[in-house]
Amino acid sequence: MKTAILSLLTLLLTAGATFVNLETHTLKGKVVDEAGPLIGVSIAVKGTSQGCVTDVNGEFSIQTAKRCETLTFSYTGYQQQEVAKVCEGDFVEVKMVSGQVLEEVVITALGMDKAKRSAGRAEMKVADASMPSGIAPGMYYDADDYPNFNTEDYDRINENRFFKAVETPLSTFSIDVDAASYSNLRRFIQNGQVPPADAVRIEEMVNYFDYDYPAPAPNDERPFNVNATKFQCPWNARHELVVIGLQGKKMDTESLPPSNLVFLIDVSGSMQDMNKLPLVKSSMKLLVDQLRPQDRVAMVVYAGAAGLVLPSTSGQGKQKIREAIDNLEAGGSTAGAAGIKLAYQTARENFAKEGNNRVIICTDGDFNVGTSSDGELVQLIENERESGVFLTVLGYGMGNYKDNKMQKLADAGNGNHYYIDNINEGKKVLVNEFGGTLFTIAKDVKIQIEFNPAYVQGYRLIGYENRLLNKEDFNDDKKDAGELGSGHRVTALYEVIPTGIESPFLGSVDPLKYQNSNPAKPVKNGEAANIKLRYKTPDGHQSQLIETPISAQENKRVPDEAYFAAAVAEFGMLLRNSEFKGTATYGHAAKLAKAHMGKDENGYRAELLRMIETMESLAGPLTTGK
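In this text, all values refer to a predicted model and were calculated from it rather than measured experimentally.

Calculation criteria
One numbering rule holds for all chains: residues counted from 1, following each sequence as written. Side-chain atom pairs in this predicted model are given and counted only at pLDDT of 80 or more, local residue features only at pLDDT of at least 70, and totals for whole chains, interfaces and linings cover all residues. The side-chain values count all of the structure's non-hydrogen atoms but skip hydrogen atoms and water molecules. Put simply, DSSP marks the helices as runs of H or I at least four residues long and the strands as runs of E at least two long, and each gets a number from the N terminus on. Partly exposed describes any residue whose relative accessible area lies between the buried limit of under 20% and the exposed limit of over 50%, with all areas from a 1.4 Å probe on protein chains only and scaled to the type maximum. Contacts: residue pairs with any heavy atoms within 4.5 Å of one another. Surface accessibility in these figures is a Shrake-Rupley result with a 1.4 Å probe; residues are shielded only by whichever protein chains are displayed. Within this document, salt bridges are pairs made up of a side-chain nitrogen of Lys or Arg and a carboxyl oxygen of Asp or Glu, the two lying within 4 Å of each other. For Phe, Tyr and Trp, rings pair up if their centres lie within 6.5 Å, where Trp contributes its six-membered ring, and each pair is then called stacked (planes under 30 degrees apart), edge-to-face (over 60) or tilted (otherwise). By the criterion adopted, a ring carries a charge over it if an Arg CZ or a Lys NZ lies within 6 Å of its centre and within 35 degrees of its normal. Whenever two N or O atoms come within 3.5 Å, that pair is a polar contact, provided that in protein one can donate a hydrogen and the other can accept it, and provided that, for residues adjacent in sequence, both atoms are side-chain atoms. Strands were regarded as paired on the criterion that DSSP finds at least two bridges between them. To get an axis, a line is fitted to the C-alpha atoms, and for a helix only the part in contact is used. The angle between two axes follows their N-to-C directions and goes from 0 to 180 degrees. For this analysis, a nonpolar core means a set of buried residues of the types Ala, Val, Leu, Ile, Met, Phe, Trp, Tyr and Cys, connected via side-chain atoms within 4.5 Å.

Visitor: Explain the overall build of the chain to me, please; I cannot follow it from the model alone.
Guide: Check the secondary structure of the chain and you find 13 helices and 28 strands. Classification of the 626 residues of the chain by burial places 53% in the buried group. Summarising the internal contacts of the chain: among those between residues at least 6 apart in sequence, 74% fall at separations of at least 24. When the accessible surface of the chain is totalled, it reaches about 28,400 Å², and 49% of it is carbon and sulfur.

If you want it as C-alpha cells, here you go:
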C-alpha cells in the first residue's frame, strides 16, 4: 500500500513538473522604419529555434518558455537589431535602420568580389541573394563546394537607339504594366550587389510607381485617359523628354465582376527556400483576405506531377482555403507544363461568364520535367489563352530564378508578371493593387507615335525593347499586345532631338540610287507628334482607336510626376551603363527624385531614393555627381 502511495505521489509530482515546463508566455511588439510599419521582419528568440515574422501592420506575437527573452530582428536591407529583456505584458516598438553590413565576400550574379578572400580554399560568410539552396545569410560555407550555384536567366536587351523622324516617323509598341524588374533589382541592391544589365528593364522600373495622372470622367466610355508632357531632358540639356501617361479607370472592389481564380503553385524541390514556397503561402493568405463571397478559388500544385489540392471554393470558405495553403510542402522535380494544362482546365470548368477568369502561377520558373523549353511552354500558353482565361505570373526566389521564362509566359498569356522579393511586395501586388493585378479593363493595348520632322529631328523610346511592334501590327487586330488593369497606369518616355541640333546619335547613309532622296516638306502645324492608341474590351475582338497630339512647345509647368518618372529612367540608364546616359549620375538622379517626390503614401518613392543612394556608394566617386 505504501509503495502504491509513493508511486502515485511520484506520478503527480512528475505531471506537475511537466505542467510547469509547458507554461508559455506571449511577447508582443511592432517593427517600423522611417516610412512606417515593416511587414515580414524575421524575429528570433536568441539561443533558440523559435521565431516569427511581422504581419501586415508590422506587429508580432511570439510564444516563449520564459517571461522575458532577448529577441533579434532581421530584415533584408536593414541592420540586424537585438533587444534584451523583452517581457510579457510589454509592447515593444523596434525601429530598423537601413544599410546592411556585408562581410567577407559579396557574391554577385556576375561573380565574386574577392577583396577579403584568403588564399586557398575559402570559407565564406553569405551576405547576398544568390546563395546556394539551404545556406542561410550569416552561415559559413566552403565556396569551392558550390562553384556554379547561380543559374539565374535573363534575356539579352538590345537598347533602343535613336531614329531619324524624316526616315522612320512611326514608333510602335505594346504597353507593359509588369513591374517584376524593379523588385528584382531591389533584391540585388539591398544585398549590396550591382544587378546584371539585362535584369534592368527601364519601363518596368518606371511603371512600378503610382502617378497622379487625370483619370477618365465617370461618363467617359473609354477605359483610360491619355496625356503627355514635354520638357528639357535632365541628362542632355540639348534634348527634350516626352512623358506619355495612360491612366485606367478604377473600379470599386465591390463593383468588380466575380472572380474565378486558379492558383498554380510550384511545390518542387527548388521551392524549399524561405523566400520561395513559405513566401508564396504568406502572399496567398493576403489575397484570401480580399476575396468576396461571389469569388471562387481553386489550387493546383505541380512537382514531379500535377494535382488539384483545392477544388473551386467560394470566397466565403476562407478557412478551408487557408488550410489548403498551410498544407503545401515542397519536394521533387518540376513538371510545369502538366500543371499549366490542369490549371487552365480547372479555370474553364468553373468559367465565370462576364467575370474575371485567371490562372495565377507562383514559381521560380525552373521547369525541368516534361515540356520545359521556352518555345513549347509559350505555345501551350498561347493556345490556352483563347479560352478567355488571363494569366498572372508571380516569381519567387533567387539563385535559380528564370526571369526570361516568366516574361515569355506572361506575355503569351494575356497576363502580367511580378517578382515577389518579400511580403511587402506581396501586399503591394495582391492587396494594394488588387484590382489592377487581377481585373483587366482593356486588352491588346498598342501605342503608335508619329513624329513630325518639322520639329523632331530624332527620337528614342526609353525601354520597352521586348515590346516593340512592326508599324503594320498597330492595325492588325490579330496581333497580341499588353493588358491594362483596373486603376493601372502606363508611362512611356521618349528622348527627342529637336531640329537644328547636331547629334552624334544620328548617323548618315549614302544617297539612294532608285528613290528620291528629297523627302516631302514637313508640316509645321505646332504639333511635335501624334499619339494613337488601339485597344479591345476584355471580351472584344475588334479594336478601338484613340488619338491625341503632342504640342511642339515645351510645357510651361512640368508636373512632379513627369520629373519623378525621368529620375527613375535616369537611374535605370545608369544601372545599364547606357551609351545614351549623357551627364546622368546617381547623385543627380537622387536629387531629381527627392525634389519631385510628390505623394508617397506607401513609402515606395522614399525606398527608391535609398536604392539610388546605395548604388551611389557601391559605384564610387565617378558616378556620384557630387
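What follows continues from the structure just given.
Visitor: Where do I start with the pattern of salt bridges in this structure?
Guide: Pairs can form between side chains of opposite charge whenever their charged atoms are close. Counted according to the given criterion, the structure contains 28 salt bridges. With its nearest N and O atoms 2.9 Å apart, the salt bridge here joins E152 to R187. With a gap of 35 residues between them, E152 in the loop between β12 (140-142) and β13 (163-164) and R187 in helix α2 (residues 180-190) connect regions that are remote in the sequence. Here E152 falls in the buried class, since its relative accessible area comes to 10%. R605 is the salt-bridge partner of E561, the closest N and O atoms lying 3.2 Å from each other. In this pair, E561 sits in helix α11 (residues 560-576) while R605 sits in helix α13 (residues 604-619), placing the two residues 44 residues apart along the sequence. Residue classification places E561 among the buried residues on the basis of a relative accessible area of 11%. One network of salt bridges, in which partners are shared, links D176, D178, D411 and R467.

Visitor: Can you walk me through the packing of aromatic side chains in this structure?
Guide: Geometry of an aromatic ring pair is reported as the spacing of the ring centres plus the angle between the planes. Tallied over the entire structure, the rule returns 20 aromatic pairs. Between F451 and Y459, the ring centres sit 4.2 Å apart and the planes meet at 15°, which makes this aromatic pair stacked. Across this residue pair, the class does not change: F451 and Y459 are buried. Here a set of aromatic residues connected by ring pairs shows up, and it is made of F163, F173, F451, Y459, Y464 and Y494. A cation sits over an aromatic face here: R187 above F188, 4.3 Å from the ring centre. The ring of Y604 carries the charged tip of K428 above its face, separated from the ring centre by 5.4 Å.

Visitor: When you look at the environment of E384 in this model, what are you seeing that I'm missing?
Guide: Inspection of the secondary structure puts E384 in helix α7 (residues 374-385). Placed 29 residues apart in sequence, E384 and G413 show a C-alpha to C-alpha distance of 7.7 Å. Apart from residues lying up to four places away in sequence, E384 is in contact with K341, Y344 and R348. Of the polar contacts made by the side chain of E384, one reaches the side chain of R348; its length is 2.6 Å.

Visitor: Looking at this structure, I do not really get the pairing of strand β16 (residues 240-248). What am I missing?
Guide: Two faces make up the sheet, and in a regular strand the side chains alternate between them. The element β16 is extensively covered by neighbouring structure, given that nine of its nine residues are classed as buried. Side chains E240, V242, I244, L246 and G248 of β16 all project onto a buried face; the interleaved residues L241, V243, G245 and Q247 project onto the opposite face, where all are buried too. In terms of strand pairing, strand β15 (residues 224-232) meets β16 through nine bridges, oriented antiparallel. When the sheet's bridge partners are listed, K230 is paired in β16 with V242.

Visitor: Could you clarify how one ought to interpret the sheet that holds strand β6 (residues 68-74) in this entry?
Guide: Backbone hydrogen bonds hold the strands of a sheet together, and the pairing may be parallel or antiparallel. Spatial strand order, β4-β3-β6-β7: four strands in an open sheet with antiparallel pairing. Of all strands in the sheet, those bounded by a partner on one side alone are β4 (51-53) and β7 (81-87). Between one strand axis and the next, the sheet turns through 25° on average, direction left out of account. With three bridges connecting them, strand β3 (residues 42-45) and β4 associate as antiparallel partners.

Visitor: Got a minute to help me understand the nonpolar core in this structure?
Guide: Inside soluble globular proteins, nonpolar side chains tend to come together where they are buried. Grouped together as the largest cluster of nonpolar side chains are 110 residues, with contacts concentrated most on I265, V359 and F571. Take this core: its biggest share by element is 11 residues, from α11. Aside from chain neighbours lying at most four places away, what touches F571 is I189, M205, Y586, A589, L608, M611, I612 and M615. F451, V496, L533 and Y535 belong to the second largest nonpolar core, which has 32 residues in total.

Visitor: How should I be thinking about unusual backbone geometry in this particular structure?
Guide: Here the phi dihedral of D444 falls at roughly 50°; this positive angle occurs in a residue that is not glycine. Mapped onto the secondary structure, D444 falls in strand β23 (residues 440-451). Of the residues examined, D444 reaches a relative accessible area of 8% and is grouped as buried. Positive phi is not limited to glycine here, since N577 has a value of about 55°. With respect to the helices and strands, the residue N577 is situated in the loop between α11 and α12 (586-595).

Visitor: Is there a simple way to think about helix α9 (residues 423-432) in this case?
Guide: For the α-helix, the turn length of 3.6 residues means that residues three or four positions removed from each other point alike. Taken together, the buried positions of α9 are occupied by I423, E425, G426, K428, V429 and L430. Check the buried side of α9 and you find it contacts α2, α4 (277-288), β21 (390-395), β22 (415-419), α10 (434-438) and α13. With a side-chain oxygen lying 3.0 Å from the backbone nitrogen of N424, the N-terminal cap of α9 falls on N422.

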